[in-house]
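# Commentary on secondary and tertiary structure
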Amino acid sequence: MIRAVGISVALGARQPLRGVDFDAEAGQVTGIIGPNGSGKTTLLRVLAGVQPPSAGQVFLEETLLSTLSPSARARRLAYLPQNGTVAWPLRVREVAALGRLPLSPAPLDRPTAEDRTAIARALDRAACTSLADRPFPDLSGGEKARALLARALATEAPILLADEPVAALDPAHQVKILTSLRAEATRGGCVVLVLHDLSLAARFCDRLALLTDGTLAAAGPTAAVLTAPLLEAAFGTGFHRDFTGPVPVLVPTHALPYAKENPDAG
Ligand SMILES: Nc1ncnc2c1ncn2[C@@H]1O[C@H](COP(=O)(O)OP(=O)(O)OP(=O)(O)O)[C@@H](O)[C@H]1O
């Protein structure tokens, strides 16, 4: 549904992505994982059309993303950036309503019946219904993250690109929100998530792309990417890996001697 071919990005003297291919299908949750600075956010920004690549192309089905107008693009994909914010002192329900702007002329002042339904549904799916009348600036970090997810979900775009959507959430809300995003995929959505928590990636993603140093180290079904050799090489740490219990467990154990930026290692 969304496909990127040969993506490179140059930012000043740095090249955060070099020749990366990526694709994600409808009906699946696709995770992007990798160490800090490996290019995950940059790739998501390219997929969202907010970071032009210096080489390569992004396609939505057969349409070149760069040929779509911003509003056409916004109807096709919703993008939830990392550390997003809202400039005005809106209530959470109004923040969610902003997600309707690509589809509706005045979703805050004159919401249509369709807007109301989509906003209520998005608030529920982002676990925000009880926050709906709270002013956004008053919320905690995790509550703000959920409100911004509600805004993205309210678009009801077929593709959702979310950068670390659960990083600020408590464990119960992490599971709740990722279950909700899985349900988006089950309903036919194409969900792409940047995740740091590999246990959650193992549990909720169908496929993964593993980035290291701006290149694609591996891509494929989740279990095929979360192997000890690939993870050790990418992250420079050992992992305790148990996929036999009720939920997969994948936690770092100890930095490996050859790990970069590990001055204490032999
Ligand atoms: N505007 C910029 N100018 C120069 N370098 C940049 C810019 N934005 C990002 N970079 C660099 O590009 C590289 C990739 O950054 P990116 O944010 O994509 O990494 P990431 O994998 O999402 O990292 P993290 O896990 O820390 O969020 C980093 O080395 C970063 O310093």
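Predicted, not measured: the structure shown is a model, and the values here were computed from it.

Turning our eyes to something else, we now look at helix α5 (residues 141–154). One turn of an α-helix holds 3.6 residues; hence residues three or four places apart share an orientation. Its 14 residues give α5 an end-to-end C-alpha distance of 20 Å, which sits within 8% of 20 Å, the value for a rise of 1.5 Å per residue. Within α5, ten of the 14 residues are buried, which leaves the element mostly enclosed by the surrounding structure. The secondary structure elements touched by the buried residues of α5 are β6 (77–80), α3 (92–98), α4 (113–125), β7 (159–163) and α6 (171–186). One or two residues past the end of α5 sits E156, with phi positive at roughly 55 degrees.

Time to look at helix α1 (residues 40–48). Of all the nine residues making up α1, seven are buried; the element is thus mostly covered by neighbouring parts of the structure. Taken as a whole, α1 has its buried residues at K40, T42, L43, L44, V46, L47 and A48. G49 sits one or two positions beyond α1 and adopts a positive phi of about 85 degrees.

Once that is clear, we can look at the UniProt feature "domain: ABC transporter" (unreviewed entry) in the chain. Under the present numbering, the feature "domain: ABC transporter" (unreviewed entry) in UniProt falls on residues 2–238. With 36% helix and 27% strand, residues 2–238 has its two end C-alpha atoms placed 33 Å apart.

Looking at the ligand, there are 14 residues lining it, with G37, K40, T41, T42 and H196 nearest. One nitrogen or oxygen atom from the side chain of R14 is found 2.9 Å from an oxygen atom belonging to the ligand. Separating an oxygen atom of the ligand from a backbone N or O atom of T41 is a distance of 2.9 Å. Every element with two or more residues in the shell around the ligand is listed here: β2 (14–24) and α1. With three residues, α1 is the single largest residue contributor to the shell around the ligand. Split into classes, the residues belonging to the shell around the ligand amount to three nonpolar, eight polar and three charged.

Here we take up the sheet that holds strand β10 (residues 215–221). Here we have six strands laid out as an open sheet, ordered β6-β7-β8-β3-β9-β10, and mixed in their pairing. Edge positions in the sheet fall to β6 and β10, since each has one partner strand and no second. On average, each strand axis in the sheet is tilted by 15 degrees relative to the strand beside it, whichever way the strands run. By the bridge criterion, four bridges tie β6 to β7 in an arrangement that is parallel. Note on β7: the bridge partner recorded for Y79 is L161. Packed on one face of the sheet, α1 meets β3 (28–33), β6, β7, β8 (190–194) and β9 (207–212) and runs near 155 degrees to β7. Packed onto the sheet, α5 meets β6 and β7 and runs at close to 170 degrees relative to β6.

Rules behind the numbers
- Residues numbered from 1 in each chain as written.
- Predicted model: local features only at pLDDT ≥ 70, side-chain atom pairs only at ≥ 80, totals over all residues.
- Heavy atoms only, no water.
- Helix = DSSP H or I, 4+ residues; strand = E, 2+ residues; numbered from the N terminus.
- Expected span 1.5 Å × (residues − 1).
- Buried < 20%, exposed > 50% of the residue type's maximum accessible area, 1.4 Å probe, protein only.
- Contact = heavy atoms within 4.5 Å.
- UniProt positions renumbered as here; feature names shortened; annotations may be inferred.
- Near = heavy atom within 4 Å.
- Polar contact = N/O pair within 3.5 Å; in protein donor to acceptor, adjacent residues only side chain to side chain.
- Nonpolar A, V, L, I, M, F, W, Y, C, P; charged D, E, K, R; others polar.
- Pairing = 2+ DSSP bridges.
- Axes fitted to C-alpha atoms, helices over the stretch in contact; angles between N-to-C directions.

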